[in-house]
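Close look at the chain arrangement
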Amino acid sequence: MALDVETRDQLLEAVRRFATERLRPLEAQVAEDDAIPEAVVQEMRDLGLFGLSIPEAYGGLELSMEDECRVVMELGRASPAFRSVIGTNVGIGSQGLVMAGTEAQKQTWLPRIASGEIVTSFALTEPEAGSDSAAVRTRAIRDGDHYVLSGAKRYITNADQASLFTVMARTDPNQPGARGVSAFLVPLDSPGLSIGKPERKMGQQGAHVCDVIFEDVRVPVENRLGAEGEGFRLAMQVLDRGRLHISGFCVGVAQRLIEDAVAYANERRQFGQPIASFQLVQAMIADSKTEALAARALVLETARQRDRGEATTLEAAAAKLFASEMVGRVADRAVQIFGGAGYIAEYGIERLYRDVRLFRIYEGSSEIQRLVIARETLKRGG
Ligand code: COS
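A short tour of the structure in this document, coming up. Note that the coordinates shown come from a computational prediction; the quantities given were computed from them, not determined experimentally.

**Observations concerning the nonpolar core**
Nonpolar side chains tend toward joint burial in soluble globular proteins. Ranked by size, the top nonpolar core spans 64 residues in total, and within it Met44, Leu49, Leu257, Val327 and Phe359 carry the most contacts. The greatest single-element share of this core, amounting to twelve residues, is contributed by helix H8 (residues 231-267). Each of domain 1 (5-115) and domain 3 (233-380) contributes no fewer than three residues to this core. Residues contacting leucine 49, with those up to four places away along its chain left out, are Val15, Phe18, Met44, Val71, Leu75, Ile86 and Val90. If you look at the next biggest cluster of nonpolar residues, it comprises 26 residues, including Tyr58, Leu110, Ile118 and Val238.

**Concerning the site of the ligand**
Close contacts around the ligand come from 22 residues, with Ser131, Arg233, Asp240, Arg243 and Arg375 the closest. Residue aspartate 240 places a side-chain N or O atom 2.9 Å away from a nitrogen atom belonging to the ligand. Alone, the ligand offers 1,000 Å² of accessible surface; in the complex the protein occludes 72% of this. Most atoms of the ligand, that is more than half of them, are within 2 Å of grid points of the largest pocket. For the shell around the ligand, the elements supplying multiple residues, two or more each, are H8 and helix H12 (366-380). Residue contributions to the shell around the ligand peak at seven residues, all from H8. When its residues are assigned to classes, the shell around the ligand shows ten nonpolar, six polar and six charged. When residues of the shell around the ligand are assigned to domains, at least three map to each of domain 2 (120-227) and domain 3 (233-380).

**Details of the packing of helix H3 (residues 38-47) against helix H5 (residues 80-90)**
Geometry of a packed helix pair, given as the angle between the helix axes and the separation of the axes. Viewed as axis vectors pointing N to C, H3 and H5 meet at an angle of 55°, and their least axial separation amounts to 11 Å. Overall, the two elements H3 and H5 adopt an arrangement that is oblique. As H3 runs across H5, the sense of the crossing is right-handed. Every residue of H5 that contacts H3 at Val40, Val41 and Met44 is listed here: Phe82, Val85 and Ile86. Looking at the contact of H3 with H5 residue by residue, the classes come out as six nonpolar, no polar and no charged.

**Looking at the packing of aromatic side chains**
Following the criterion strictly, the structure yields seven aromatic pairs and no others. The interplanar angle of 85° and the centroid separation of 6.5 Å between the aromatic rings of tyrosine 264 and tyrosine 347 together place this pair among those described as edge-to-face. You can see tyrosine 264 sitting in helix H8 and its partner tyrosine 347 sitting in the loop between helix H10 (313-338) and helix H11 (349-355), a full 83 residues away along the chain. When its relative accessible area of 44% is taken as the criterion, tyrosine 347 is described as partly exposed. Pairing phenylalanine 271 with phenylalanine 278 gives two aromatic rings, centres 6.0 Å apart and planes at 85°, and the pair type is edge-to-face. By relative accessible area, phenylalanine 271 is classed as exposed at 75%. Taking relative accessible area as the criterion, phenylalanine 278 reaches 25% and is therefore assigned partly exposed. Ring pairs connect the aromatic residues Phe249, Phe359 and Tyr362, which therefore count as one cluster. A cation sits over an aromatic face here: arginine 83 above phenylalanine 249, 5.6 Å from the ring centre.

**A short note on the pattern of salt bridges**
The final tally for this structure, using the stated rule, is 30 salt bridges. Note that glutamate 27 is salt-bridged to arginine 256, the shortest N-O span being 2.8 Å. In this pair, glutamate 27 sits in helix H2 (residues 27-33) while arginine 256 sits in helix H8, placing the two residues 229 residues apart along the sequence. With relative accessibility at 5%, the residue arginine 256 sits in the buried group.

**Observations regarding H5**
Along H5, eleven of the eleven residues are buried, which leaves the element largely enclosed by surrounding structure. For H5, the full list of buried residues reads Pro80, Ala81, Phe82, Arg83, Ser84, Val85, Ile86, Gly87, Thr88, Asn89 and Val90.

**Observations regarding the pairing of strand E7 (residues 209-220)**
Where strand E3 (residues 146-157) meets E7, nine bridges bridge the pair, whose relative direction is antiparallel. Directly across from histidine 146, in E7, lies its bridge partner proline 220. In terms of strand pairing, strand E6 (residues 193-195) meets E7 through three bridges, oriented antiparallel. Bridge assignment links leucine 193 to a residue of E7, and that residue is phenylalanine 214.

So, how was this worked out
As a convention, each chain's residues are numbered from 1 in the sequence order in which they are written. For a predicted model such as this one, the threshold for reporting local features is a pLDDT of at least 70, and the threshold for listing and counting side-chain atom pairs is 80 or more; totals across whole chains, interfaces and linings nevertheless cover every residue. As a convention, hydrogens and water are excluded, and side-chain values are obtained from all of the structure's heavy atoms. Joining through side-chain atoms within 4.5 Å is the link that ties buried Ala, Val, Leu, Ile, Met, Phe, Trp, Tyr and Cys residues into a set, and such a set is a nonpolar core. Burial classification: accessible surface area is computed with a 1.4 Å probe over protein chains only, and a residue below 20% of its type maximum counts as buried, one above 50% as exposed, and the rest as partly exposed. Comment: elements are numbered from the N terminus, with helices defined as DSSP H or I runs of at least four residues and strands as E runs of at least two. Each domain span listed reflects an automatic or database assignment of domains. The contact criterion used throughout is that any non-hydrogen atoms of two residues lie within 4.5 Å. The nearness test applies per residue and asks whether one of its heavy atoms lies within 4 Å of the molecule or strand. In protein, a polar contact requires one atom able to donate a hydrogen and another able to accept it; more generally it is a pair of N or O atoms within 3.5 Å, and residues adjacent in sequence count only if both atoms are side-chain atoms. Using a 1.4 Å probe, the Shrake-Rupley method yields the accessible areas, and only the shown protein chains count as cover for residues. In the cavity and pocket records, a cavity denotes points on a 1 Å grid over the protein atoms alone where a 1.4 Å probe fits but cannot get out, a pocket denotes an open set with protein on both sides within 12 Å along at least 5 of 7 lines, and lining residues are residues with an atom within 4 Å of a point. Whether a molecule lies in a cavity or pocket depends on its atoms, and more than half of them have to be within 2 Å of the grid points. Any residue that is not Ala, Val, Leu, Ile, Met, Phe, Trp, Tyr, Cys, Pro, Asp, Glu, Lys or Arg is counted as polar, Gly included; the first ten are nonpolar and the last four charged. Here an axis means a line fitted to C-alpha atoms, over the contact stretch when the element is a helix, while the angle between two N-to-C directions is reported on a 0 to 180 degree scale. Here is the rule for angles: anything less than 35 degrees is roughly parallel, anything more than 145 is roughly antiparallel, 65 through 115 is roughly perpendicular, and the remaining ranges are oblique. With the far helix as reference, a near helix turned anticlockwise by less than a right angle produces a left-handed crossing, and one turned clockwise produces a right-handed crossing. To pair, rings of Phe, Tyr and Trp, with the six-membered ring standing in for Trp, must have centres within 6.5 Å; the planes then decide the type, stacked if under 30 degrees apart, edge-to-face if over 60, and tilted in the middle. Should the NZ of a Lys or the CZ of an Arg lie within 6 Å of a ring centre and within 35 degrees of the ring normal, that charge is described as sitting over the ring. The salt bridge definition used is simple: a Lys or Arg side-chain nitrogen within 4 Å of an Asp or Glu carboxyl oxygen. Whether two strands pair comes down to DSSP finding at least two bridges between them.

What follows is the structure in structure tokens.
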């Protein structure tokens, strides 16, 4: 649903202020503690951020994809760990349910996901199934009116906070590829389900990824999401959408980095003048701004295309590829403009430089995006 322009602008302004005035001052502490204060999470709930993408009928804001992208562009003014708090509820953790859930499944879970009462995670990746996500080995064996799940998932975002997991598992051992995979809703309190310790990571401290282990976890048949054998396709549809959301966020982080670099370049004096007056510094600012604008245009146009109900597999992959690589270059130039200070923790630029590295890897690496873009382009004949 598209918000009217006035309501949308109010929401964007509220998120911008929240990100810059409330979240940004907490960034260093969150990185140090590797934890987001509960008071902040509650404010995110109050702003409705957990339910951006969830239909109004289930308590969400039901934003259009374009509006969701605009919101996360504003959220990009604060460090990525904050977005991750709401990321799975808005995206990969909830959208399988929105797309393929039964009415009963939606009624049971979506209102609690939309309000942020519970956190939800998406469990696709495994130790031996990363980019090759159709190779999942986690098994779901039918036993009467249950499936019995066994296996291990890896790098699952928000797993240590989650009360509900969308799990992709192999229901058909005779189908080694995508068609043998089904999706399941698995609550945290299912006996045999356990969560590993949060991994130590290069960046995005405050956002956690963990292993999720299934040891003969009995899941009722009514918790299957979609038909048997449709789990992989559903996961891909969820990722098509998620990739666009992440692209919008990359644009937001890039804009923040550009603003930080410009402020520093105006203030920092060398050779008797602000370094912003030097053309080699200006060139870096110009390149960053141009690329950020290009990514913004690609993201918003793809979002509008999606809102019109058109297929966007290719365009979402292109947006993810371009925006995630773009923000890497923008962060690199920001470190360069800050010079020595760019390398010093206190200024926070080196932290963002580390944080943005993940965007080229998760929700499909740059290599996978290129593969999807090439396949779709070849299919279309150009
Ligand atoms: N939308 C709908 N259906 C899709 C789809 C999409 N975007 N992508 C693939 N499918 C369908 C295909 O049409 C095919 O269906 P049929 O068997 O009925 O023809 C099925 O899914 C298998 O697709 P495909 O043959 O393309 O599978 P591949 O094993 O070749 O894998 C890639 C495709 C590599 C693109 C996929 O595995 C992928 O995206 N990997 C990265 C995963 C990822 O992003 N992980 C991040 C961690 S999760 S946060």
